[in-house]
Amino acid sequence: MAAKEILTRRPVAATIKLTVPAAAARPAPPVGPALGQYRLNLMAFCKDFNARTQKYKPDTPMAVTITAFKDNTFEFTVKSPSITWYLKKAAGIESGSGRPGHVTASTLSLKHVYEIAKVKQNDHYLQNMSLEAITKSIIGTANSMGIQIVRDLD
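Residues numbered from 1 in each chain as written. Predicted model: local features only at pLDDT ≥ 70, side-chain atom pairs only at ≥ 80, totals over all residues. Heavy atoms only, no water.

S.K.: How would you summarise the UniProt feature "domain: Large ribosomal subunit protein uL11 N-terminal" (unreviewed entry) in the chain if you had to cite specific residues and measurements?
M.R.: Here, UniProt's "domain: Large ribosomal subunit protein uL11 N-terminal" (unreviewed entry) annotation points to residues 16-74. Secondary structure content for residues 16-74 is 29% helix and 27% strand, and the end C-alpha separation is 10 Å. (UniProt positions renumbered as here; feature names shortened; annotations may be inferred. Helix = DSSP H or I, 4+ residues; strand = E, 2+ residues; numbered from the N terminus.)

S.K.: Report on the sheet that holds strand β3 (residues 74-79), specifying residues and quantitative values.
M.R.: Two strands in a sheet stick together by hydrogen bonds in their backbones, pointing the same way (parallel) or opposite ways (antiparallel). Taken together, three strands build an open sheet; the order of strands is β1-β2-β3 and the sheet is antiparallel. The outermost strands of the open sheet, each flanked by one partner alone, are β1 (12-21) and β3. Ignoring strand direction, the axes of neighbouring strands in this sheet form an average angle of 20°. Pairing of β1 with strand β2 (residues 61-69), which is carried by nine bridges, proceeds in the antiparallel orientation. Bridging from a neighbouring strand, alanine 14 pairs with alanine 68 of β2. Against the sheet, helix α3 (residues 42-52) touches β1, β2 and β3, its axis set at about 30° to β3. (Pairing = 2+ DSSP bridges. Axes fitted to C-alpha atoms, helices over the stretch in contact; angles between N-to-C directions. Contact = heavy atoms within 4.5 Å.)

And the structure:
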């Protein structure tokens, strides 16, 4: 690390993790109480978050990590929805199987899995993984939810 970077680093008060619907952040719970206790500007967060998540459909659950600094400023990163959310939407189910491996909740084709992998590849923590590795991870998640992956849907 450079000496200049150490001198300009701001002290962190907290790291807050929330799940907020896309383009629907309001100063009401869960956002209000979480940010209010660190005396952060709620309206500034809501405007920035809603602007960043406008491209997603409303009510899409977005994971957001907020870093609150001691000088009452903040930074945040938005992650795309979870793989399980995408799988449940693609399969048209509310929840996975209660007994995965024994009871099949639904079936999906490999084409669906590749589409989900392409969307998830844009996440900064998955950028260095190949599309094949992300696809294998999604197939593993689907199996643990009781969703069967087939080559083509008949």
